[in-house]
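Residue strings, one per chain:
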Amino acid sequence: MSDLVAAAHIASATVARVQELLGQRRTAQRRGRQRATRVEPVDPDFVFFHLGKTGGGSVRQFLRPIRTRWAGVGHDGTLDGIATRWPGTPIVFFVRDPVTRFVSGFNNFRRGVVHKPLGKVPSQIELIAYTVFPTANHLAEALTSDDERMRSTAEWAMGSLGFLANHLTHNLDSPATVDRHLAQIALIGLFEEFADSVEAMRSALHLPDSLRLPEDESRAHRGLSHVPSGLSPAGRAAVAHWYRDDIAIYEHCCAIHRFQMQGLRNA
C-alpha cells in the first residue's frame, strides 16, 4: 500500500471516529438537557448546591436513593437565587481551596477523557489551551509572564475554561452574603475533610444510615493520580492572587464549617 493510500485510510478512519464521537456527544447533551429539565420538588426537605470541583459528583451519588426529597442546583446557581426560590429550606454545599480547585479544574478534561472515553470531545478552547499550557503549572506561571502575549493568552484561558472561569464569588458573592443566609445554611462541607463533612451532612439533615459514597472512580468524578498537579511557588502565588476574592470567601466558609462541626458534636 502506498504512503498516499495509507494516509487516505488513516484520514478516513479519523474522520469516521470524530463523527462517531460527535454523535455520542450529541446524545449525551440531549440526555443532559433532559436531566436539566427535571422538575425539582416544590417543597424539598433540603437543597444541595453543587459548587464545581468540590466533590459534588460523589455527593449526588450519595443522595441519589432519596432523590425525590431534595432539590439540586448546579454550578451556575447562586446562594441568593436559592434562598429566593426556596425560602427557609435548609441548604448544604461544599467548598474547596481555590488553588487546588484550579488544578482540578484545569485537569478536568483529561479526567473526562479517561472516565468517558467514548463521549468526550475537546472544544476548540480546550484544544488551544492545552496545547499552549500542557500542565496547570504552565498556565499558572504564565499569569505573571514578562511576555505580554503569553500573559494575555493565560488570562484568556483562565476566563474561557469552564471551571476556571466560574469564580466562587459568582456562586456565593461575598462573606457578607454567606452570613446573610447563614440561618438557612444547614452545613458547609469542606472538600479537604470530605468524609467527615459527608457524615456531618448526614447528621445535620437526618439522612438514612443506608446512604453510601460511591467507590467507582468514574461515578465519583475523582481526579487522575498520574496527571501533573503540582504548582511551583511562583505558580501558586499567581493563582492565589487571581482567586484572591474567592479565597476570602473560602476562608470565611471554613470558619463557619468549624463552628457548625462543633455544634453537631455538642448536640
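Residues numbered from 1 in each chain as written. Predicted model: local features only at pLDDT ≥ 70, side-chain atom pairs only at ≥ 80, totals over all residues. Heavy atoms only, no water.

The next point concerns a nonpolar patch on the surface. A surface patch of nonpolar side chains, amounting to about 370 Å² of accessible area, comprises Ile125, Ile128, Val132, Met150 and Trp156. Among the elements that make up the nonpolar patch, the one with the highest residue count is helix H6 (residues 124-132) (three residues). Considering the arrangement of structural elements, one finds Ile128 in helix H6. (Patch = residues over 30% accessible without salt bridge, like charges linked within 9 Å, V, L, I, M, F, W, Y side chains within 5 Å. Areas by Shrake-Rupley, 256 points an atom, 1.4 Å probe, with all protein chains shown as cover. Salt bridge = Lys/Arg side-chain N within 4 Å of Asp/Glu carboxyl O. Helix = DSSP H or I, 4+ residues; strand = E, 2+ residues; numbered from the N terminus.)

The next point concerns the sheet that holds strand S4 (residues 185-190). With respect to topology, four strands assemble into an open sheet ordered S2-S1-S3-S4, the strand pairing being parallel. Looking at strand neighbours, the two that pair on one side only are strand S2 (70-73) and S4, the edges of this open sheet. Ignoring strand direction, the axes of neighbouring strands in this sheet form an average angle of 20°. Looking at chain direction, strand S1 (residues 46-49) and S2 are connected through four bridges and run parallel. (Pairing = 2+ DSSP bridges. Axes fitted to C-alpha atoms, helices over the stretch in contact; angles between N-to-C directions.)

Here the chain averages 85 in pLDDT, while 76% of its residues score no lower than 70. In this model residues 1-15 is a low-confidence stretch, pLDDT under 50, and it forms two contacts with partners more than four residues away in sequence or in other chains. (pLDDT = per-residue confidence, 0-100. Contact = heavy atoms within 4.5 Å.)

All right, on to the environment of Asn137 then. Mapped onto the secondary structure, Asn137 falls in helix H7 (residues 136-142). Judged by relative accessible area, which is 16%, Asn137 ranks as buried. Separated by 98 residues in the primary sequence, Asn137 and Gly235 place their C-alpha atoms 5.9 Å from one another. (Buried < 20%, exposed > 50% of the residue type's maximum accessible area, 1.4 Å probe, protein only.)

A few words on H6. All of the buried residues along H6 are Glu126, Ala129 and Tyr130. Mapping the buried residues of H6 onto a view down its axis gives an arc of 90°, with all of them on the same face. Exposed residues pointing more than 90 degrees away from the buried face of H6 are listed as Gln124 and Thr131. (Arc of directions from axis to C-beta.)

The next point concerns unusual backbone geometry. A positive phi angle, close to 75°, is found at Asp173, a residue other than glycine. Here Asp173 is to be found in the loop between helix H10 (168-172) and helix H11 (175-180). At His206, a position not held by glycine, the phi torsion is positive, near 55°.

Another aspect to go through is the pattern of salt bridges. All told, the structure shown has five salt bridges when counted by the stated rule. The salt bridge partner of Arg69 is Asp45, with a shortest N-O separation of 2.8 Å. Of the two residues, Arg69 is situated in the loop between helix H2 (56-63) and S2 and Asp45 in the loop between helix H1 (3-36) and S1; the sequence distance between them amounts to 24 residues. Here Arg149 ties to Asp147 by a salt bridge, and the two come within 3.9 Å at their closest N and O atoms. Using a relative accessible area of 35% as the deciding quantity, one classes Asp147 as partly exposed.

All right, on to the packing of aromatic side chains then. All told, the structure shown has six aromatic pairs when counted by the stated rule. With centroids separated by 4.9 Å and ring planes inclined at 80°, the aromatic side chains of Phe106 and Tyr130 adopt a geometry described as edge-to-face. Here Phe106 is found in helix H4 (residues 98-106), whereas its partner Tyr130 is found in helix H6, with 24 residues between them in sequence. In this structure, Phe106 and Tyr130 share a single accessibility class: buried. A ring pair is formed by Phe191 and Phe194, whose centres lie 6.3 Å apart and whose planes are at 55°; its orientation type is tilted. Under the relative-accessibility criterion, Phe191 is labelled partly exposed at 29%. Taken together, Phe46, Phe48 and Trp70 form an aromatic cluster joined through their ring pairs. Of note, Lys53 hangs over the ring of Phe163, and the distance from its end group to the ring centre comes to 5.3 Å. (Phe/Tyr/Trp six-rings, centres within 6.5 Å; stacked < 30°, edge-to-face > 60°. Lys NZ or Arg CZ within 6 Å of the ring centre and 35° of its normal.)

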